[in-house]
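Structure assessment
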Amino acid sequence: MSMFVNLPPSAGALPEPELTAAEGPLGGPSYSYRGATIDCQKGGNVCALGMPDHPLHGRGFNAISVITSIVDLWLDGQRLPNAMQLVAKGQRRTQ
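About the criteria used
- Residues numbered from 1 in each chain as written.
- Predicted model: local features only at pLDDT ≥ 70, side-chain atom pairs only at ≥ 80, totals over all residues.
- Heavy atoms only, no water.
- Core = buried A, V, L, I, M, F, W, Y, C linked by side-chain atoms within 4.5 Å.
- Buried < 20%, exposed > 50% of the residue type's maximum accessible area, 1.4 Å probe, protein only.
- Helix = DSSP H or I, 4+ residues; strand = E, 2+ residues; numbered from the N terminus.
- Disulfide = S-S within 2.5 Å.

**Some points on the nonpolar core**
Ile 38, Leu 49, Met 51, Phe 61, Ile 67, Ile 70 and Val 71 are the most contacted members of the largest nonpolar core, which has 14 residues in total. When residues in this core are grouped by element, the largest group, five residues, is from helix H1 (residues 64-77).

**With respect to the state of the cysteines**
Joining two cysteines, a disulfide is a covalent bond between their sulfur atoms. The final tally for this structure, using the stated rule, is one disulfide. Two residues, Cys 40 and Cys 47, share a disulfide whose sulfurs are 2.2 Å apart. Between Cys 40 and Cys 47, the S-S dihedral sits near 100°, and the bridge is therefore right-handed. With a relative accessible area of 1%, Cys 40 lands in the buried category.

So this is what it looks like as structure tokens:
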């Protein structure tokens, strides 16, 4: 089972992330994608989402494709990946 829900087919193809800097604030490439910024470390394998209205703003992920999927889910339906559970800062997670 995938961590991400399947996106419904869209009328048009989604854009590719646009390179905005070869060396951004984290030392690697930076991108713009559907209003979000994606800043990566050297090598581009660890990236952070910059999207102030998104609940995962500022969080790091292991691939740019994970971040673009998260942005798509949010913009196309205010959804988060099924496997992600948010815990507010300062709260303890109970099972």
